[in-house]
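# What the coordinates show
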Amino acid sequence: MGARYVQRSVPFPLHEIRLVDASDRDLERISKDLGLALSVDEMKRVQDYFGRAGRNPTDVELQSLGQAWSEHCCYKSSKVFLKEFIFPVQTPDVIDRGDAGVMAFDDDHAYALRIESHNHPSAVVPYGGATTGIGGILRDVLAMGAQPIALVDPLHFGPLDYPFEKLPRGLKHPKYLFGGVVAGIRDYGNRVGIPTVAGCVAFDDGYLGNIVVNVGCVGFAKRSQLQRNRVQEAGDVFVLAGGLTGRDGIHGVTFASVDLTEKAVGGWEAGAVQLGDPIMKEPLIHAVVESAEAGLLHGLKDLGGGGLSCVVGELALNGGLGAEVDLDTVPLKELGLAPWEIWVSESQERMMLVVPPENVAKVLRICDLYDVPATPIGRAVPGKTCRVRYKGETVLEMDLEFYTGGPEYRRPVHALPVPTKTAKLPAKPRNLDSILLKILKSPNVASKEYVIRQYDHEVRASTVLRPLQGVIGKAAHGDAAVVKPLVDSWRALAIAVSSTGAYTALDPFRGGATAVDEVCRNLVAVGARPHAITNCLNFGNPEKPDRLWFFREAVRGIGEAARALGVAIPSGNVSLYNESSAGPVLPTPAILGVGIVEDLRRCVTSDLKRAGDRLYLVGTTGADLGGSEYYRALGIDGGAPPSVDLPATKAAMAGLLRAMAGGSVAACHDLSHGGLAVAAAEMALGGDVGVRLRLPPSDLRFDIAVFSESNGRWLVETRKGEEDSFLDAMAGVAFTALGRVGGNDVEIGRGGEAIRGALASIRKPWTEAIPNLVVVS
Amino acid sequence: MKVSDVRVGVLFIEGTNCEDESVAYFRALGARAEKVHLKQLTGDVPKAMARKLEDYDILMIPGGFAAGDYIRAGAIFAARLKWKLSKDLTDFVEAGKPVFGVCNGFQVLVEAGLLPGLGGTMTETPEAVLAINDSGHYECRPTLLKQVSRGGNAFVSKVPRGRVLKVIAAHAEGKILFPREREKKVLKELLENDQVVFRYVDDRGRYAGYPWCPSGATYNIAALSNPAGNVFGIQPHPERCFFAYLHPDWTREGGPGGLGDGSAIFQSALSYVTRKF
């Protein structure tokens, strides 16, 4: 077997792999030996290619294919569904769909958005995985020529109080993972100087073996500075800027494209997790944005998964040209790297600038001012071949279509039954007050202030609405953040996230659709028109048909809801193989939504403003309890999760935006986890004033009416004297007058039934639940 | 001097991350502000890009994590400043020109020995330290700052004594400490010299503990000046409340229009320069 790897007679490590005459078993073995994670069929395609070329491949070539053809890089299992359900969801405001999606902001400006996962590395090295997750998403947005202006982090862990003795062998405790991830986001995000303005933290047994760490970014640019992820003409120079290249992060994408087995964990720990350096990234962002603004670039792309091997191939292929690279010009962190290691290293903080020859000196000068290393390492050439040399020796020469194209599969799916009815409810609990308190201090609902305040959500001094809204010192969760990208315009961007693991596990179509419905509701709640979403899809092993069915159905739900609500999906990310010894991850679509605020002076926050103001419930409440926090509190599994009524949501969104533009809305909050009771409590806590609601008679059991998580609903406070204007704006929308702001309690009643919590007695449990769970006792 | 003639240099190195907004907001008040890399002041750049410190009327050191702050907040930036720019800085300060440090900039000024400056314009070793917050981690939250000085500095002419400003704090190391054995004496001296400028208060104006004072700073100190009053360091970020729409509670109080609380500090510095020079 050793004879299959033949060192070429050069004074550095370079092997030829005897592939052409290899048997299927040999092929499988080679894929394993080299850590390629390619199947036998895929290896046969490689064999066939080199057979026709009449030679054996080098290790550089095989490693390149392992990267380029990984699930992570080429979406081979997911693309067929994305093409069917997601890619067609576009609007005229979509400008580009590259490393990040690019959308129109106004006539002269655009914004970029993208979200992606960093689940596998964060599960193994939580601090390092989270830091490089941020680093990666910043580069995706930067790669469009845009200045990053906001970060978001949807996080999902196992229960913080999970008993150590029950933890399956080899798994890390949620408390450790949570602490490491939050600290990583804090230490990298705060240093790099981009505000972390939104996110969510969810806890469920389904994340015990596979945490879901997603990170999203929004960027902003003059349209004239936007870049494409491609070369433009032959002669364009590849300038590698930023961090040096080392052995960290080798095979990250291949480990991310297999289950998180004990062996994979070992691989990650041995060096597949990259090392982040925010103090290289911060000046790198300046240097790249300045080069883009000055019009010095022909193209741009970030080095992420697969390193140079992916970036060079994709830039050239997208530009319809070939590429040449001299690997020995790449600046290294350490001596002794083999050419293949340089070529696939995922060392962080690197960008590839495509520069016409006459601008190279100017670009290098800009980088030098910021102390950012920058080196020309190759060029675009006519033709369709990628050729890589190391010390004069050609180490890679492949056709780009073959190399970068990658396989695409339609793998089988197996549908599972979805619950269609409400799960059987126990008798209505006698003491609803104590259940409200229990839900308010449950980790999914409790205040996330402990996390939020460790992140700098204010840097860049343009955060207009924060993640916590209300009276200073008492603020509670808002629905969306708003940032103001231009000093001299009132137009702004609203940013929100949603994720729906618990619903998706029960009914993936509804889970996907609800994620869109919820993120749009969040945006509307602050006065923004939902404009674009980007999705991160965290699912299990696509080679297992039932797992793939979850994925397909969730994608179908997302596509359908986005289309109906009129938002574009210009970018997205898929994370598969989230499986460990504890089984598959809770299937989780996470969505970053961006809305346009026409005039931020009309923005609305979630905190109640004034005693005496009227409150209205917008939308219709049904018995939607599957996956709800109420069921969780009662220990009930199953049941149908909330359905969507997209036309109704759309009409309600339009009505609310009309009302807000007219100035009649004082506060607004979306109803989601914990339903009406939790929304009312959060609004009251943020405004530090009570609320008295009376529900109209209905067939729904009172506890269901209070805790149901039906989609398409908001609780709205109107300004005194503006009620008529509100009612006019809401013509044609289903809503109900519910009561008034006032007192010191959260109180909801119907007939003789009531649920109540005094602000003074719910604030502390709600605020301190997470810090109490996090502290190591 | 007119405001439009005031030249503001906003100094940065790698990891400084509040320079762009600081420049933008000085410009919003009509000043001629630009960001300037430390290398441009030390001559380590091509000639066309070089600048002289004396060409500026105000020097600002903005917030961020200069050089990563991996040693102690502000320590590396301060060491680089002292290494090549000691004389220029001393001349600048002794000429009475304002030096304005925000957050990490405050930490840099303390590490550089420019604040509190009891032992001279720029002391050999630091006289104080901005230590890790009592909570042990970064704190990003709105704070209320009471102007407690008698006005003997360049940064509060537009902020009457006793007025409380809303300003955003965002730091991991904001707890000012003085040598323990001399703490009382130092504090007394600072007060006599009118060097304590802002103190953290709660929503009822009391000198309260966490979270109103996010770090546990000695004597609730949020901002200090040097004895001459032209070097000023403030831990929370006035630029993050520069406009009313940046106030943390503008949807409840005051509305979104016009300048915000933080702008008064920028305006005071400009007014000081236009009156003096």
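These figures come from a predicted structure and were not determined experimentally. (Residues numbered from 1 in each chain as written. Chains lettered and ligands numbered in written order. Predicted model: local features only at pLDDT ≥ 70, side-chain atom pairs only at ≥ 80, totals over all residues.)

Regarding its fold elements, chain B presents 6 helices and 11 strands. Compactness check: chain B gives a C-alpha radius of gyration of 17 Å against a globular reference of 19 Å for 277 residues, within 12% of the reference. Relative to its 277 residues, chain B shows a buried fraction of 57%. Across chain B, every contact between residues at least 6 apart in sequence was considered, and the portion connecting residues at least 24 apart equals 72%. (Helix = DSSP H or I, 4+ residues; strand = E, 2+ residues; numbered from the N terminus. Rg over C-alpha atoms; globule rule 2.2 N^0.38 Å. Buried ≥ 20, exposed ≤ 12 C-beta atoms within 10 Å, placed from the backbone. Contact = placed C-beta atoms within 7 Å.)

Once that is clear, we can look at the overall build of chain A. Across its full length, chain A holds 26 helices and 32 strands. For chain A, whose C-alpha radius of gyration is 27 Å, the value lies close to the compact-globule estimate of 28 Å for 777 residues. Principal-axis analysis of the C-alpha atoms places the extent of chain A at approximately 90 × 55 × 45 Å. Counting over 777 residues, chain A shows a buried share of 62%. Here the contacts in chain A between residues at least 6 apart in sequence split such that 83% fall between residues at least 24 apart.

Residues and elements named next belong to chain A. By the alternation rule, side chains of strand S28 (residues 691–694) split into Val 691 and Leu 693, which are all buried, and Arg 692 and Arg 694, of which none is buried. Across 4 bridges, S28 lies against strand S31 (residues 745–750) in parallel orientation. The partner of Arg 692 across the bridge, within S31, is Glu 747. (Pairing = 2+ DSSP bridges.)

Attention shifts here to the interface of chain A and chain B. Each partner contributes residues to the interface: chain A has 31 residues there, and chain B has 35 residues. When residues of the side of chain A that touches chain B are traced back to their parent elements, those giving at least two are helix H8 (174–192) and helix H11 (278–293) of chain A. Here the residues of the side of chain A that touches chain B are counted per class, giving 13 nonpolar, 6 polar and 12 charged. (Nonpolar A, V, L, I, M, F, W, Y, C, P; charged D, E, K, R; others polar.)

Let's shift gears to the domain arrangement of chain A. A common way to report how large an interface is uses the accessible area buried once the components associate. Under the domain assignment, chain A is made up of domain 1 (19–56) and domain 2 (604–769). Each of domain 1 of chain A and domain 2 of chain A was reduced to a C-alpha centroid, and the two centroids are 60 Å apart. (Domains from an automatic or database assignment.)

Residue and element names in this part refer to chain A. Formed by 352 residues in total, the largest nonpolar core has its most connected members in Val 482, Ile 495 and Ala 680. Counting contributing residues per domain, this core is built from domain 1 (19–56) and domain 2 (604–769), each supplying no fewer than three. Beyond its immediate chain neighbours, meaning those up to four positions away, Ala 680 contacts Val 691, Leu 693, Leu 715, Val 746 and Ile 748. (Core = buried A, V, L, I, M, F, W, Y, C linked by C-beta atoms within 7 Å.)

The next subject is the sheet that holds strand S7 (residues 164–171) of chain B. All names here are of chain B. With mixed pairing, the 9 strands of this open sheet are ordered in space as S2-S1-S3-S4-S11-S10-S9-S6-S7. Edge strands, defined here as strands with exactly one partner in the open sheet, are strand S2 (32–37) and S7. Adjacent strand axes in the sheet meet at a mean angle of 25 degrees when their direction is disregarded. In this sheet, strand S4 (residues 99–102) lies alongside strand S3 (residues 58–61) in parallel orientation, the contact comprising 3 bridges. (Axes fitted to C-alpha atoms, helices over the stretch in contact; angles between N-to-C directions.)

Bringing the packing of H8 of chain A against H11 of chain A into the picture now. Residues and elements named next belong to chain A. Across the interface, H8 lies against H11 with an axial gap of 8 Å and an inter-helix angle of 30 degrees. Looking at the two axes, H8 sits roughly parallel to H11. The two elements H8 and H11 meet at a crossing, and its hand is right-handed. In contact with Tyr 188, Arg 191 and Val 192 of H8, H11 contributes Pro 278, Ile 279, Lys 281 and Glu 282. Taken together, the residues of the contact of H8 with H11 break down into 4 nonpolar, no polar and 3 charged. (Parallel < 35°, antiparallel > 145°, perpendicular 65-115°, else oblique. Left-handed = near helix turned anticlockwise from the far one by under 90°.)

Here the focus is the sheet that holds strand S26 (residues 614–618) of chain A. All names here are of chain A. With respect to topology, 7 strands assemble into an open sheet ordered S27-S29-S26-S30-S28-S31-S32, the strand pairing being mixed. Looking at which strands have only one partner, the edges of the open sheet turn out to be strand S27 (665–670) and strand S32 (753–758). Between one strand and the next, the sheet's axes are offset by a mean angle of 20 degrees, whatever the strand orientation. Lying over the sheet, helix H22 (residues 646–661) contacts S26, S27 and strand S29 (714–718), oriented at roughly 150 degrees with respect to S27.

Residue and element names in this part refer to chain A. When you line up the elements, Lys 76 lands in the loop between helix H4 (71–74) and helix H5 (79–85). Residue class for Lys 76 comes out buried when judged on the 21 C-beta atoms lying within 10 Å of it. The spacing of Lys 76 and Arg 763 is 687 residues in sequence and 49 Å in space, taken between C-alpha atoms. Apart from the residues within four sequence positions on either side, Lys 76 is in contact with Trp 69, Glu 71, Gly 406, Pro 407, Glu 408 and Tyr 409.

Residue and element names in this part refer to chain A. Its 18 residues give helix H19 (residues 508–525) an end-to-end C-alpha distance of 25 Å, which sits within 8% of 26 Å, the value for a rise of 1.5 Å per residue. Here H19 lies mainly inside the structure; 18 of its 18 residues are buried. The positive-phi residue at the C-terminal boundary of H19 is Gly 527, with phi of around 100 degrees. (Expected span 1.5 Å × (residues − 1).)

This brings us to the environment of Ala 244 of chain B. Residues and elements named next belong to chain B. With respect to the helices and strands, Ala 244 occurs in the loop between strand S11 (231–234) and helix H6 (263–276). On a C-alpha basis, the gap between Ala 244 and Pro 256 in space is 5.0 Å, while along the polypeptide they are 12 residues apart. With near-sequence residues (within four places) excluded, Ala 244 lies in contact with Trp 250, Gly 254, Gly 255, Pro 256, Gly 257, Gly 258, Leu 259 and Gly 260.

The subject of this paragraph is the confidence of the model for chain B. On average, residues of chain B carry a pLDDT of 97, and 100% of them reach 70 or more. For this predicted complex, the interface confidence comes out at an ipTM of 0.97, alongside a pTM of 0.97. (pLDDT = per-residue confidence, 0-100.)

Right, let's get into unusual backbone geometry. Of the consecutive residues Leu 115 of chain B and Pro 116 of chain B, the connecting peptide bond is found in the cis state with omega at -5 degrees. Omega for the bond connecting Tyr 210 of chain B with Pro 211 of chain B falls within 30 degrees of zero, at 0 degrees, which places this linkage in the cis form. When you line up the elements, Pro 211 of chain B lands in the loop between strand S9 (196–201) and strand S10 (221–225). A positive phi angle, close to 60 degrees, is found at Asp 371 of chain A, a residue other than glycine. Here Asp 371 of chain A is to be found in the loop between helix H14 (360–369) and strand S13 (374–381).

Residues and elements named next belong to chain A. Here helix H7 (residues 126–142) crosses H8 at 40 degrees, and the two axes come no closer than 7 Å. Taken together, the axes of H7 and H8 lie oblique to each other. For the element pair H7 and H8, the recorded crossing hand is right-handed. Where H7 abuts H8, its residues Pro 126, Tyr 127, Gly 128, Gly 129, Ala 130, Thr 131, Ile 134, Gly 135 and Leu 138 lie against Tyr 176, Leu 177, Gly 180, Val 181, Ala 183, Gly 184, Ile 185, Asp 187, Tyr 188, Gly 189 and Val 192.

Let's shift gears to the pairing of S2 of chain B. Two faces belong to every sheet, and in a regular strand the side chains alternate between them. Residue and element names in this part refer to chain B. Pairing of strand S1 (residues 7–12) with S2 involves 6 bridges; the strand directions are parallel. What sits directly across from Phe 12, in S2, is His 37. Each parallel crossover has a hand, and the one from S1 via helix H1 (residues 19–28) to S2 is right-handed. (Right-handed = clockwise from strand over helix to strand, strands pointing away.)

We now examine H22 of chain A. One turn of the α-helix equals 3.6 residues, which is why residues spaced by three or four share an orientation. Residues and elements named next belong to chain A. Across its 16 residues, H22 extends 22 Å between first and last C-alpha, which sits within 8% of the 22 Å expected from 1.5 Å per residue. Of all the positions in H22, only Leu 646, Thr 649, Ala 652, Met 653, Gly 655, Leu 656, Leu 657, Ala 659 and Met 660 are classed as buried. Just downstream of H22 lies Gly 663, where phi reads positive at about 85 degrees.

For Ala 680 of chain A, the location among the structural elements is in helix H23 (residues 675–687). Along the primary structure Ala 680 of chain A and Leu 615 of chain A are separated by 65 residues, whereas in three dimensions their C-alpha atoms are 9.9 Å apart.

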